[in-house]
Each structure stands twice: as structure tokens, then as C-alpha cells.
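Architecture and fold: a report
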Amino acid sequence: MQDKIIFLVDMQSFYASVEKVRDATLQDKPVIVAGDPERRSGIVLAACPLAKKYGITTAETLGSAKLKCPHVEVVRPRMQLYIDVSIQISKIMEQFTDLVEPFSIDEQFMDVTHSQKLFGNQYEIARKVQEKIMEDTGVYARVGIGPNKILAKMACDNFSKKNKEGIFRLDHSNIDQLWKMPIGNMFGVGNKMERHLKGMGIYTIGGLARFPVDQLKKRWGINGEVLWQTANGIDHSPVTVKTHNQQKAIGHHMTLPRDYTNMDEIKIVLLELCTEVARRCRKKGYMGVTVSCGVRGASFDFPTGFHRQTTLPVASNYDLDIFNAAFQLLKQFWDKQPIRSLGVSLSNLQPSNIYQIDLFDNYLQKEKLNSVFDFVWGKYGRTALYRASSLTKAGQASERAVKIGGHYK
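This write-up is about the structure you can find in this document. This one's a predicted model, so the numbers in the text were calculated from it and none came from an experiment.

A complete count under the given rule lists nine aromatic pairs for this structure. Considering the side-chain rings of Phe 96 and Phe 119, the 5.0 Å spacing of their centres and the 55 degrees angle between planes classify their relative orientation as tilted. Placement of Phe 96 in the loop between helix H4 (79-93) and strand S5 (100-104) and of Phe 119 in helix H5 (residues 116-119) is noted, with a sequence separation of 23 residues between them. An angle of 20 degrees between the planes, with centres 4.5 Å apart, marks the rings of Phe 159 and Phe 168 as stacked. Like Phe 168, Phe 159 is buried.

This is how it looks when you write it as C-alpha cells:
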């Protein structure tokens, strides 16, 4: 892996950058992309550099952002546009190497180890990638370089985003620069894990790198070793175009437009989520056996909720099978506190063309019903057919059907 040259290419303030390209009048203005505050999705999804100078950060509320910068330009998200631009950027990267692996909508890995004979050394390639993306899309890209994916990622997050060139290489010859940083700067360490590590006396990434790995494994199992390897810049995973070919789980999550307190109303949304999970499973050719249900309470100051899973008797991609299992989890673990968001997923996936038949369950009838649903939805759209319960005030299916990722297209 030491001979590898891996890039992590990150698009600066991606959604906001795309909006500035789309509307030239926004170029010299502070811009944020945010959801609808009337439906509790008024969260900042992206803030341009000008907006960030006022202290606006991603994931804060729209109201808070406006207090910091009253004249900020607020743009509603256009998810389909961002997806299209992301695909365009992927194609640009594929002009430099055939090993391009999407990490998120605005981040992609590239293995350019064997591209140097055609395009120059690693820094020349990085500059050419930046220039080509800017020329074709108007979006500024930062490039982290490393001998593996984890070092490339942390090079981008901690150094490339903060220097003038937007390019930085991190490897084992200069990893001490990373080790000086606070533990919260390390990839894979969120707020909760940061508190745990500080409670163990680990305040820097270097402190974690030097911490006995056996003690980390004793506390967190394999995840403890992964943390230690990340701190030491160890990562043997290759850049591969097949990363997303085999999904581990298919899920659907929804932030509710208001607090839901009534079980009958929650059941309606839960069924809609299960129907969508089942539909997506069938579309991708999967069925699964593990159903997970998660709930988040309405209070941020006193968090409530749960995330639990259960196993189906046999693999399924039928919505009522998923719903019945998820509903049992809801009845068992919901604390009756107001709910802000709800999620369902199906995991332990397997191909749907080979499955075990349950002698006590008429699966052929379910298959026929699924085929009818999928035919109607495929020909006439997701709003052409849904259960009558979705027409009640609790239902969200008709509105969610015209959105991507919870936002209008």
C-alpha cells in the first residue's frame, strides 16, 4: 500500500456551490442551502465560504443562521440537480483513472497510482483534476492525497480544506502533524465517541495512536482496533468501483413535520416507511431477514428514543412482513414520549430470486401483489397507488413521493 497514490476529492460547500453556478446573482453573496422551516426540515445543509465567515455551520437551524447573518440568501435544496452534478464529476474523474469510488454525494476516492505516466506526478494530477472540475462544473474541489484511503480522507479534512492550494499529502513521514490535532478531528470520531475517549485520557489523535490497542479492543471489540488503526494511518481497503454493488441494508428514515404522540398516527407513517423499504428492496433484487426500527424523541435537551432489531422467520421483501416486525419493536420499546423522527431498515440481504419457502405462508400470493404494486408505480409514479391510511392527516406518502432525500427535486 505504500506505493499507492490515493486521492479523496471533496467539493467545497457542494450544494451552495452548485446554486451559485446556477444563479450568477448569488456569486458575491453569502448563501446557504436549507430545508423548509415550516416542516421541521429548516436545517442548513450547506453554507458557502462567505456565509461561514459569519459563523454559520452545516446542520444548524435556519433560524440560528439568520440571526448570525440576517442578509444571508436562503436557497431550497434541489437534490436531483446535485445528484446530476455529482455524476458529472464522477465522469470527469474517470478521465484520469478507472478506479473511482464514490464516498458521498460530494466526496470520491481515486486511485491514480498508474496514471502518472499519462498525467504527471501526483500533485500535477491533483491540480488537473481541480481545474477540470472547475472548468466543467464551476465547483471548487479540494484533494487529499495519501498511500491509502484513510490518510487521503484525513489529509483532505484536516489540511487540504485549510490551505491555499486545496491539496495536501499525508503519509507516515508527516503523520505527526495529524497526531497533534484534537481527537475530535479524527475521521470516525463523533461527539459521543470523543467524550468516551477523553474520559479515558485520550485528547489527541497521537494519544489514541499510542494507546494500547488491547484495551481499546476490550472496550469496543473490533471497532476499538479500527479506531487505533485509523489513528495510525492503517487502511488496507482498496479503491474499488464495486463498493456499492452489494448493499448491506436498505432503509428509509423520516423527520416528521410535527411531534407524533398517538400510536395510531405513528403506525401510519411506520407502514409507509416499510412500504418504501420493501419497494426499494424489490427494485434492487433483494430480500432480507433482519428488520430494524429506530425512533428519536422530540426533545434535544433530554434525548429519548430507541434503535432495535428483530429477525424474520424467513427472508422477505413484502411490506406487511416488515411492518409487523417493526411494529412489534415499536410497541415494546417506545416510551410514549413525542416522536420527532422514525426509521426502518432491512438488512442481512440476499438475492430475491433464490429464497426459502415457508410452508405456512402463501408467498406466491405476496409475490403477485408485489408485482401489481411495482407495475403501477413504475408506469404511473409513486402517487398512483397507496393505502387509504396515507390520506389521513398523519400520512406523508404523497408528499414524500415527490422528494429526493426528504427534499424537493
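Here the narrative resumes, following the displayed structure.
Note on placement: Val 33 falls in strand S2 (residues 31-34). Through-space distance from the C-alpha of Val 33 to that of Glu 73 is 8.5 Å; in sequence the pair is 40 residues apart. Those residues within four positions of Val 33 in sequence are excluded, and the remaining contacts are Tyr 15, Ala 16, Glu 19, Ile 43, Val 44, Leu 45, Ala 46, Val 75, Arg 76, Pro 77 and Tyr 82.

Looking now at the sheet that holds strand S8 (residues 167-169). Where strands meet in a sheet, backbone hydrogen bonds hold them as pairs that are either parallel or antiparallel. The mixed open sheet is built from five strands, whose spatial order is S5-S6-S1-S7-S8. Edge positions in the open sheet fall to S5 and S8, since each of these has one partner strand only. Here the strands of the sheet are splayed against their neighbours by 20 degrees on average, with no regard to which way each runs. For S5 and strand S6 (residues 107-111), the ladder comprises four bridges, and the chain directions are antiparallel. If you follow Ser 104 over to S6, its bridge partner there is Glu 107. Packed onto the sheet, helix H7 (residues 149-158) meets strand S1 (6-11), S5, S6, strand S7 (141-146) and S8 and runs at close to 140 degrees relative to S7.

The next thing to look at is unusual backbone geometry. Outside of glycine, negative phi angles account for most residues, and trans bonds account for most peptide bonds. Despite not being glycine, Ser 13 shows a phi value in the positive range, around 45 degrees. Counting through the fold element by element, Ser 13 comes out in the loop between S1 and helix H1 (14-22).

Of all hydrophobic cores here, the largest spans 43 residues; its most connected members are Phe 7 and Val 9. Of all the secondary-structure elements, those providing two or more residues to this core are S1, H1, S2, strand S3 (44-47), helix H3 (62-68), H4, helix H6 (122-137) and S7. It is H4 that provides the largest number of residues to this core, a total of six residues.

So, on to H1. For H1, the tally of buried residues reaches seven of nine residues, placing the bulk of the element in the interior. Taken together, the buried positions of H1 are Phe 14, Tyr 15, Ala 16, Ser 17, Val 18, Glu 19 and Lys 20. Lining the buried residues of H1 we find S1, S2, S3, helix H2 (49-52), strand S4 (73-75) and H4.

This next bit is on the packing of H4 against H6. Contact pair H4 / H6: the axes reach a minimum separation of 10 Å and the direction vectors enclose 140 degrees. As judged from the angle between their axes, H4 and H6 are oblique. The crossing of H4 and H6 is right-handed. From H4, Val 85, Gln 88, Ile 89, Ile 92 and Met 93 reach across to H6, where they touch Lys 132, Ile 133, Asp 136 and Thr 137. Here the contact of H4 with H6 is built from residues that sort into five nonpolar, two polar and two charged.

A few words on the pattern of salt bridges. Tallying each qualifying case throughout the model produces 17 salt bridges. Where Glu 73 meets Lys 29, a salt bridge forms, and the shortest distance between an N and an O atom there is 3.8 Å. Within this pair, whereas Glu 73 is found in strand S4, its partner Lys 29 is found in the loop between H1 and S2, the two being separated by 44 residues in sequence. With relative accessibility at 28%, the residue Glu 73 sits in the partly exposed group. Residue Lys 29 is classed as partly exposed on the basis of its relative accessible area of 34%. Put simply, Glu 101 and Lys 149 hold a salt bridge, and the shortest N to O gap is 3.1 Å. A residue pair is termed long-range when its members are at least 10 positions apart, and Glu 101 in strand S5 and Lys 149 in helix H7 qualify at 48 residues. Each member of the pair, Glu 101 as well as Lys 149, is classed as buried. The network of salt bridges with shared partners includes Asp 10, Glu 107, Arg 142, Lys 153, Asp 157 and Lys 161.

Rules of the game
Residues numbered from 1 in each chain as written. Predicted model: local features only at pLDDT ≥ 70, side-chain atom pairs only at ≥ 80, totals over all residues. Heavy atoms only, no water. Phe/Tyr/Trp six-rings, centres within 6.5 Å; stacked < 30°, edge-to-face > 60°. Helix = DSSP H or I, 4+ residues; strand = E, 2+ residues; numbered from the N terminus. Buried < 20%, exposed > 50% of the residue type's maximum accessible area, 1.4 Å probe, protein only. Contact = heavy atoms within 4.5 Å. Pairing = 2+ DSSP bridges. Axes fitted to C-alpha atoms, helices over the stretch in contact; angles between N-to-C directions. Core = buried A, V, L, I, M, F, W, Y, C linked by side-chain atoms within 4.5 Å. Parallel < 35°, antiparallel > 145°, perpendicular 65-115°, else oblique. Left-handed = near helix turned anticlockwise from the far one by under 90°. Nonpolar A, V, L, I, M, F, W, Y, C, P; charged D, E, K, R; others polar. Salt bridge = Lys/Arg side-chain N within 4 Å of Asp/Glu carboxyl O.

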